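Topology and contacts: notes
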Amino acid sequence: MDLSQILEITSATDPGMVRSHNEDSIASDPANGLVVLADGMGGYNAGEVASGMATTVITTEVAQVLTKVQPYEIDDRNELAATRIVREQILKANTSIYQAAQSQPQYAGMGTTLIVCLFYDNKVMVGHLGDSRVYMMRDGNFSQVTRDHSLLQEQIDSGLITAEQAKTAAHKNLVTKALGIDWTVEPEIHEYEVKVGDIYLLCSDGLCDMVSDEDIGMTLSMLGANLKLATQQLVQMANDNGGRDNVSVILVRVLKEYPAARGAMSKFFAWLK
Amino acid sequence: MAKLILSMDGLVLKEIPLTKERTTIGRKPHNDIQIDNLAVSGEHAVIVTILNDSFLEDLGSTNGTLVNSNTVKKHFLQNNDVVELGKYKLKYIAEPGAAQPAEKADFEKTMVLRPSAMRAAAEQAKAMTAGGAQPQAAEAARVAALQAVGSAAQAAGIAEKPAVAPAAPAAPPPPPRPAQPLGAIQLISGANAGKELELTKPLTTLGKPGVQVAVLTRRPQGYFITHVEGANQPTVNGQSIGTAPHALKDHDLIELAGVKMEFFIKT
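The written sequence of each chain sets the order in which its residues are numbered from 1. All chains are assigned letters beginning with A, and all ligands numbers beginning with 1, in the order in which they are written. Only residues with pLDDT of 70 or above have their local features reported here, since the model is predicted, and side-chain atom pairs are shown and tallied only from 80 upward, although totals for entire chains, interfaces and linings are computed over all residues. The side-chain values count all of the structure's non-hydrogen atoms but skip hydrogen atoms and water molecules.

Details of unusual backbone geometry
Outside of glycine, negative phi angles account for most residues, and trans bonds account for most peptide bonds. All names here are of chain A. In plain terms, the rule: Going along the chain from the N terminus, every DSSP run of H or I of four or more residues is numbered as a helix, and every run of E of two or more is numbered as a strand. Only protein chains enter the accessibility calculation, which uses a 1.4 Å probe. A residue is then buried if its area is under 20% of the maximum for its type, exposed if over 50%, and partly exposed in between.
Phi is positive for Asn122, close to 60°, though the residue is something other than glycine. Relative to the helices and strands, Asn122 resides in the loop between strand S4 (111–120) and strand S5 (123–129). Look at Asn122 and you get buried, because its relative accessible area is 17%. Not every positive phi belongs to a glycine, and Asp139 is a case in point at roughly 50°. Topologically, Asp139 is positioned in the loop between strand S6 (133–138) and strand S7 (141–144). Classification of Asp139 as exposed rests on a relative accessible area of 62%.

What to know about the side chain of Asn239 of chain A
Our working definition: Contact definition: two residues touch when any of their heavy atoms are within 4.5 Å.
Its place among the elements puts Asn239 of chain A in helix H7 (residues 227–240). In contact with Asn239 of chain A, not counting residues within four places along its chain, are Asp14, Gly16, Met17 and Val247 of chain A.

Focus on the nonpolar core
The condition is simple: For the purposes of this section, nonpolar cores are sets of buried Ala, Val, Leu, Ile, Met, Phe, Trp, Tyr and Cys residues that join through side-chain atoms within 4.5 Å.
Membership of the largest hydrophobic core comes to 35 residues, with the highest contact counts inside it found for Leu114, Leu118 and Leu179 of chain A. Listed by contribution, the elements that provide at least two residues to this core are strand S3 (34–41), helix H1 (46–66), helix H2 (81–103), S4 and S5 of chain A. Per element, the largest residue contribution to this core is nine residues, and it comes from H2 of chain A. With near-sequence residues (within four places) excluded, Leu179 of chain A lies in contact with Ala54, Ile90, Ala93, Asn94, Ile97, Gly111, Thr112, Leu114, Leu129 and Val185 of chain A. Membership of the second largest hydrophobic core comes to 29 residues, among which are Tyr135, Leu207 and Leu251 of chain A together with Val215 of chain B.

Things to note about the pairing of strand S1 (residues 3–8) of chain B
Residues and elements named next belong to chain B. To be explicit about the condition: Two strands are counted as paired when DSSP detects at least two bridges linking them.
Sheet analysis places S1 next to strand S2 (residues 11–17), joined by six bridges and oriented antiparallel. Of the residues in S2, the one forming a bridge with Leu4 is Ile16. Between S1 and S2, which pair antiparallel and follow one another directly, the connecting turn spans two residues, one of which, Asp9, has a positive phi of 50°. Strand direction decides the pairing type here: S1 and strand S11 (residues 88–93), joined by six bridges, are antiparallel. Considered in S11, the bridge of Ser7 is made with Lys89.

Concerning the sheet that holds strand S8 (residues 70–72) of chain B
All names here are of chain B. Definition in use: Structural elements are reduced to axes, namely lines fitted to C-alpha atoms, with helices fitted over the stretch in contact, and the angle between N-to-C directions of any two is expressed from 0 to 180 degrees.
As summarised here, the arrangement of the six strands in space is S2-S1-S11-S10-S7-S8, forming an open sheet in which the pairing is antiparallel. In this open sheet, the two strands that pair with only one neighbour each are S2 and S8. Each strand of the sheet is rotated relative to its neighbour by a mean of 30°, with strand direction disregarded.

Side note on the sheet that holds strand S1 (residues 7–14) of chain A
All names here are of chain A. Ordered by their spatial adjacency, five strands build an open sheet running S1-S11-S10-S6-S7, and the pairing between neighbours is antiparallel. Here the strands that pair on one side only, and so sit at the sheet edges, are S1 and S7. When strand polarity is set aside, the average angle formed by the axes of neighbouring strands in this sheet is 15°. Examined bridge by bridge, S6 and strand S10 (residues 199–203) share five bridges and lie antiparallel to one another. Bridge pairing links Val134 to Leu202 in S10. Across the sheet, H7 lies against S1, S10 and strand S11 (247–254), angled at about 155° from S11, the strand it touches most.

Here we look at the confidence of the model for chain B
All names here are of chain B. To be explicit about the condition: Every residue is assigned a pLDDT by the predictor, reflecting its confidence on a scale from 0 to 100.
Confidence along chain B averages 78 in pLDDT terms, with 70% of residues attaining 70 or more. With pLDDT under 50 throughout, residues 99–106 is counted as low confidence; its partners more than four residues away or in other chains account for twelve contacts. Reported for the predicted complex are a pTM of 0.70 and an ipTM of 0.77.

Regarding the environment of Thr113 of chain A
Residue and element names in this part refer to chain A. Relative to the helices and strands, Thr113 resides in strand S4. The class for Thr113 is buried, based on a relative accessible area of 0%. C-alpha of Thr113 to C-alpha of Ser204: the two residues are 91 residues apart in sequence and 8.5 Å apart in space. Contact partners of Thr113, with chain neighbours within four places excluded, come to Leu37, Ala38, Asp39, Met41, Leu129, Gly130, Asp131 and Ser132.

Side note on the pattern of salt bridges
Residue and element names in this part refer to chain A. Counted only if it meets this: In what follows, salt bridge is the name for a side-chain nitrogen of Lys or Arg lying within 4 Å of a carboxyl oxygen of Asp or Glu.
Applying the stated criterion to the full structure yields 16 salt bridges over all chains. Here Lys123 makes a salt bridge to Asp121, at a shortest N to O gap of 3.7 Å. With respect to class, Lys123 is no different from Asp121; both count as buried. We note a salt bridge from Asp157 to Arg147, for which the minimum N-O separation is 3.0 Å. One end of the pair, Asp157, is in helix H3 (residues 151–157); the other, Arg147, is in the loop between S7 and H3, and ten residues separate them in sequence.

Okay, here's the thing in structure tokens:
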């Protein structure tokens with residue numbers, strides 16, 4: 001099913017005001033309903049290599065798999081195909097990055113955060129690792145969808161510090177999960193129902209560290225009519241506030257419903273359940 | 001050389017250079033920094049200094065140690081950190097010239113907390129709970145492990161790059177917006193003619209949704225107007241602004257969705 005007429009996708013990535021390199025990488029495949037964002041880390045250009053590999057591997061592999069499998073199908077292990085596709089392609093990217101890091105000394109220790117969103121059948125499957133985020137704007141309410149895999153978030157969860165203290169904490173930069181740093185990884189994957197008019201925001205920490213959630217939400221509610229402008233505005237706000245890190249933004253608006261066109265057989269099975 | 005400035009109620013009492021590898025702080029006389037106050041424990045805290053880096057550790061004091069108003073057990077001291085023990089304040093001043101802005105930016109970079117470190121901490125927590133098998137103790141141990149990993153990881157991050165001197169906290173809050181003139185819009189025609197709108201927010205939208213909307217953005221460089229939606233673009237001083245942002249000057253005349261308004265700088 002071609003989703004390019006159903007999802008409006010705009011994106012921007014910018015090195016920011018301080019860094020010379022852009023270690024972020026973004027990719028989108030509107031027809032397959034896939035958007036990917038990665039924020040790489042590692043010395044010299046290794047961060048760019050890791051994030052670039054992540055987005056490339058995942059977009060090409062997912063497109064490949066979708067020619068054979070439909071994301072709404074339930075496989076013989078009683079698992080939704082979308083979950084499996086997202087997990088397996090993340091693991092594939094993990095292996096590629098890990099092996100590159102092992103074999104090339106200049107890439108040793110490289111890794112990347114990751115957000116993968118696969119839209120299908122009026123739903124979205126979100127896989128993530130690290131401190132890049134997904135937010136959602138629905139009916140004027142702005143909320144954060146993903147929870148960071150960061151030391152800070154774990155400390156907040158265990159009650160060591162409050163969200164207020166977290167804003168000035170000294171170790172904002174420590175992530176507890178990332179792609180490509182170990183031979184295997186456990187991505188966090190969740191499925192969400194999608195409503196027409198929803199706007200999904202994928203961003204690297206260069207945006208959410210520099211611009212308050214309140215200002216991001218305000219931008220989306222005010223400029224939601226012009227997604228391209230909203231994207232530029234978000235990057236500009238991060239840079240106006242100092243732009244200390246690379247900034248990447250992907251916005252996805254759902255224009256129409258997109259129920260999967262299931263075959264007669266699967267309709268029959270759905271009826272049986 | 002790094003030093004501490006001891007003060008109480010804003011009154012500077014003493015300056016203490018951190019010459020020793022271990023500088024102890026407490027109420028008892030054998031401490032390197034003696035603070036004779038009942039709110040301070042006998043052996044309250046210790047500062048371990050290795051080359052240019054100093055680490056503060058609370059020694060299980062009764063009333064705790066605060067750094068920049070946050071309770072800490074272990075803390076990697078950064079320039080201008082304020083350590084509080086009861087009413088007393090110790091300000092940490094790093095060696096002058098040691099903090100390099102470029103290196104500070106480097107320290108801000110995202111780093112992975114190696115899973116092995118987390119596992120070690122989890123095992124440590126497990127070992128700790130094995131002794132006192134109480135649920136609260138288990139939770140406390142897990143939390144302590146989390147904290148320990150935090151400081152250890154931070155210390156490790158520094159240790160990998162010995163050139164990195166204690167700089168400002170890794171992620172200081174965004175610098176306050178420089179004082180910039182406040183702009184406002186006064187409506188000249190339409191139903192609300194004469195009404196004034198102060199542009200205090202970073203974004204203000206004008207117009208009718210679905211017909212014609214423009215946004216006024218407040219930036220460090222000044223105010224800009226940008227077309228958002230609608231078939232027609234707004235005009236400034238009679239000229240259409242197109243789709244790109246247009247910088248606004250004092251007393252510019254804007255026309256949007258049939259309404260005329262004037263932009264002006266208030267202060």
